[in-house]
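An overview of the molecular structure
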Amino acid sequence: MNKKRYALWTSTVVAASLLLSGCQLLTGYQKIDEAENAKAWAGKIQPITGEVNIACIGTYHCEIARIDKTRVIGADTHEPINPAMLVAMKDASAKGRIGIKHAQTSMYTNMNMTPLASKNEIKIVPLSASGMPGLTNYYARVKPAKREVQVNFYPENNLDYVERFVLIHDFIEADTYQLRAYQTKSNDNSGSLLDTASPQPLCVELYQGKTVQRRFCKELGTEHQGEFVETRIVKALPAPSKVKA
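Residues numbered from 1 in each chain as written. Predicted model: local features only at pLDDT ≥ 70, side-chain atom pairs only at ≥ 80, totals over all residues. Heavy atoms only, no water.

If a strand is regular, its side chains alternate between the two faces of the sheet. As judged from the five bridges shared by strand E1 (residues 52-57) and strand E8 (residues 176-183), these two strands associate in the parallel manner. When the sheet's bridge partners are listed, cysteine 56 is paired in E8 with leucine 179. When E8 meets strand E9 (residues 202-208), the two strands line up antiparallel, connected through seven bridges. Considered in E9, the bridge of glutamine 183 is made with leucine 202. (Pairing = 2+ DSSP bridges. Helix = DSSP H or I, 4+ residues; strand = E, 2+ residues; numbered from the N terminus.)

Rendered as structure tokens:
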């Protein structure tokens, strides 16, 4: 009898400990108000009236390193330099009342998206998981203005290989802007084995909404070697309407 009671008591303790550890997984996996542990993601960019959203995509990982003279994401930590910039949760206690399955979808509405108070204020919002394990993609919220933005792109799954891109642009319209990186594909197969083995040049396009506004490609020539040079965007003209005789 004593053995049975001991076995029952032991199983109860184990079950309780598992239940408690499960609760800790549900409630403790997320600390949005700590820059080094920003693992709750908005999932998508949330537009705010009168504000500009700036994001980057297209490589294994990318991060907004600087806006104007303000450093945003640290090149060594890959997290917001100033924790005060990081958007926090409206109600931290709400994290314990939701399951993991519904946590990420509810983060979008639980983000504290209070409008920016001044032209110089910058907010950083966790957007999604990075292509590199353990890192987070962020986007920035600023007021409309002419700004200088530096973005670090990581074309390979290697933090030691980074492409630094700097853009000066008039973000005069409150909208969502994305800097999308891609590698150009060459159709010329007549080059040497060394030429064909070298990586293709990286290009970055600035999107406003769904429209490409500007395009920059890294030049491999001797004059602008290693520099991003802006290229002309040819916009297709609308087809002429057919007029009946």
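Moving on, there is more to tell.
Residue-level pLDDT values for the protein average 76, and 63% of them are 70 or greater. Segment residues 3-37: pLDDT under 50, and 37 contacts once partners within four positions in sequence are set aside and those in other chains are kept. Low confidence marks residues 92-106, where pLDDT is under 50. Its contacts with residues over four positions away, or in another chain, come to 17 contacts. (pLDDT = per-residue confidence, 0-100. Contact = heavy atoms within 4.5 Å.)

Ordered by their spatial adjacency, seven strands build an open sheet running E4-E5-E1-E8-E9-E10-E11, and the pairing between neighbours is mixed. Of all the strands in the sheet, just strand E4 (123-129) and strand E11 (228-231) have a single pairing partner and so form its edges. Within this sheet the neighbouring strands show an average axis-to-axis angle of 25 degrees, counted without direction. Examined bridge by bridge, E4 and strand E5 (residues 136-142) share six bridges and lie antiparallel to one another. Note on E5: the bridge partner recorded for isoleucine 124 is alanine 140. (Axes fitted to C-alpha atoms, helices over the stretch in contact; angles between N-to-C directions.)

This paragraph deals with the sheet that holds strand E2 (residues 61-67). A sheet is described by the order of its strands in space; here four strands give the open sequence E3-E2-E6-E7, paired in antiparallel fashion. The open sheet terminates on both sides in strands that have one partner only, identified here as strand E3 (70-71) and strand E7 (163-171). Bridge analysis of strand E6 (residues 145-154) against E7 gives nine bridges, and the strand direction is antiparallel. If you follow lysine 146 over to E7, its bridge partner there is aspartate 170.

One pass over the full model with this rule turns up two disulfides. Disulfide pairing places cysteine 56 opposite cysteine 62 at an S-S distance of 2.3 Å. One quick way to see it: the torsion about the S-S bond of cysteine 56 and cysteine 62 is about 105 degrees, and its sign makes the bridge right-handed. When its relative accessible area of 5% is taken as the criterion, cysteine 56 is described as buried. Residue cysteine 62 is classed as buried on the basis of its relative accessible area, which comes to 4%. (Disulfide = S-S within 2.5 Å. Buried < 20%, exposed > 50% of the residue type's maximum accessible area, 1.4 Å probe, protein only.)

Note on placement: alanine 145 falls in strand E6. Given a relative accessible area of 11%, alanine 145 falls into the buried group. Along the primary structure alanine 145 and glutamate 51 are separated by 94 residues, whereas in three dimensions their C-alpha atoms are 9.9 Å apart. In this view, alanine 145 contacts Lys119, His169, Asp170 and Phe171; residues no more than four positions away in its chain are not counted.

As enumerated under the stated definition, the model contains six salt bridges in all. A salt bridge links glutamate 51 to arginine 141; its shortest N-O distance comes to 2.9 Å. Here glutamate 51 is found in the loop between helix H1 (2-28) and E1, whereas its partner arginine 141 is found in strand E5, with 90 residues between them in sequence. The class of glutamate 51 is buried, set by a relative accessible area of 2%. The salt bridge involving glutamate 230 is made with arginine 214; its shortest N-O contact spans 2.9 Å. Residue glutamate 230 is found in strand E11, and its partner arginine 214 is found in strand E10 (residues 211-218); the two are separated by 16 residues along the sequence. Exposure remark for glutamate 230: the relative accessible area of 40% places this residue in the partly exposed category. Its relative accessible area of 19% is what places arginine 214 among the buried residues. (Salt bridge = Lys/Arg side-chain N within 4 Å of Asp/Glu carboxyl O.)

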